[in-house]
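If you want the building blocks of each chain, they are given just below.
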Amino acid sequence: MPLRHFAATLIEHGRATEWVTSAVLLGFAIVLALPGDTLSGPGFRTFRDLGLDEVALAVPLTLIGGIRVAALLINGNWRRSPELRIGGAVLGALIFGLISCAFGWPYLTGVGTASTAASTYSVLALSDVLSAYRSGADARLARI
């Protein structure tokens, strides 16, 4: 894919937010899949308390992020791609919202300090809510 075409797909067609949030999901999954115990850090206390490990998080995040990237790549070439994008954005908003809650919970319960991750993942969740809305508009246009 030529760089010019990629830039047009990313910026001019309003999908930049979807690409960013999909990349964040994949990046999170890749870091979790690397050797070592990523969740051993103090910021990941809630994840451990919930009984989650790296594999339990990395596998679904990889699948969802990968499907979202595929949907963005085929967007416009297949009639049902807006629906795939809506589903991916809704799942992304849910995942980022839950991750935000997991990072914010220790502070809210008084057992830990505030984390910038909580606000960062909240912004990503909001971005995916907006992406779902945008994809819904695209789905309506695809039916016309």
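Here's a quick rundown of the structure. (Residues numbered from 1 in each chain as written. Predicted model: local features only at pLDDT ≥ 70, side-chain atom pairs only at ≥ 80, totals over all residues. Heavy atoms only, no water.)

### What to know about the nonpolar core
To keep things clear, this is the line we draw: What is meant by a nonpolar core is a set of buried Ala, Val, Leu, Ile, Met, Phe, Trp, Tyr and Cys residues, joined one to another through side-chain atoms within 4.5 Å. Only protein chains enter the accessibility calculation, which uses a 1.4 Å probe. A residue is then buried if its area is under 20% of the maximum for its type, exposed if over 50%, and partly exposed in between. Going along the chain from the N terminus, every DSSP run of H or I of four or more residues is numbered as a helix, and every run of E of two or more is numbered as a strand. For this analysis, residues touch if any pair of their heavy atoms sits within 4.5 Å.
Phe28, Leu32, Phe47, Leu61, Ile99, Phe103 and Tyr121 are the most contacted members of the largest nonpolar core, which totals 21 residues. For this core, the secondary-structure elements that each account for two or more residues are helix H2 (16–33), helix H4 (54–74), helix H5 (81–108) and helix H6 (116–143). Residues contacting phenylalanine 47, with those up to four places away along its chain left out, are Leu39, Leu52, Leu57, Ile99, Ala102 and Phe103.

### Some points on the side chain of threonine 21
Note the cut-off: Each polar contact in these results corresponds to two N or O atoms within 3.5 Å; when the atoms are within protein, one needs to be able to donate a hydrogen and the other to accept it, and residues that are neighboring in sequence are counted only if both atoms are side-chain atoms.
For threonine 21, the position within the fold is in helix H2. A distance of 3.3 Å separates the side chain of threonine 21 from the backbone oxygen of glutamate 18, its partner in a polar contact. Apart from the residues within four sequence positions on either side, threonine 21 is in contact with Arg68, Phe96, Leu124, Ser127 and Asp128.

### Side note on the packing of H2 against H4
Definition in use: Under this scheme, a helix contributes an axis fitted over its contacting stretch, all axes are lines through C-alpha atoms, and angles between N-to-C directions fall in the 0 to 180 degree range. Between 65 and 115 degrees an angle is taken as roughly perpendicular, under 35 as roughly parallel, over 145 as roughly antiparallel, and anywhere else as oblique. Note on convention: the crossing is left-handed when the near helix lies turned anticlockwise from the far helix by less than a right angle, right-handed when the turn is clockwise. Residue type decides the class: Asp, Glu, Lys and Arg count as charged, Ala, Val, Leu, Ile, Met, Phe, Trp, Tyr, Cys and Pro as nonpolar, and the leftover types, Gly among them, as polar.
For the pair H2 and H4, interaxial distance at closest approach is 8 Å and the crossing angle is 150°. Comparing their axes, H4 and H2 come out roughly antiparallel. As H2 runs across H4, the sense of the crossing is left-handed. Packed against H2, whose contacting residues are Glu18, Trp19, Thr21, Ser22, Leu25, Leu26, Phe28, Ala29, Leu32 and Ala33, the element H4 presents Glu54, Leu57, Ala58, Leu61, Thr62, Ile64, Gly65, Gly66, Arg68, Val69, Leu72 and Leu73 at the interface. Residue composition of the contact of H2 with H4, grouped by class: 14 nonpolar, 5 polar and 3 charged.

### Points about the pattern of salt bridges
For the record, the criterion: Salt bridge criterion: a side-chain nitrogen from Lys or Arg within 4 Å of a carboxyl oxygen from Asp or Glu.
Summed over all chains, the structure comprises 3 salt bridges. Between arginine 85 and glutamate 18 there is a salt bridge, with the nearest N and O atoms lying 2.9 Å from each other. Linking arginine 85 in helix H5 with glutamate 18 in helix H2, this pair joins segments that are 67 residues apart in sequence. Accessibility classification places arginine 85 together with glutamate 18 in one group, the buried group. In this structure, the salt-bridge partner of arginine 45 is aspartate 49, at a minimum N-O distance of 3.5 Å. Of this pair, arginine 45 and aspartate 49 both sit in helix H3 (residues 45–49), 4 residues apart, roughly one helical turn. Using a relative accessible area of 59% as the deciding quantity, one classes aspartate 49 as exposed.

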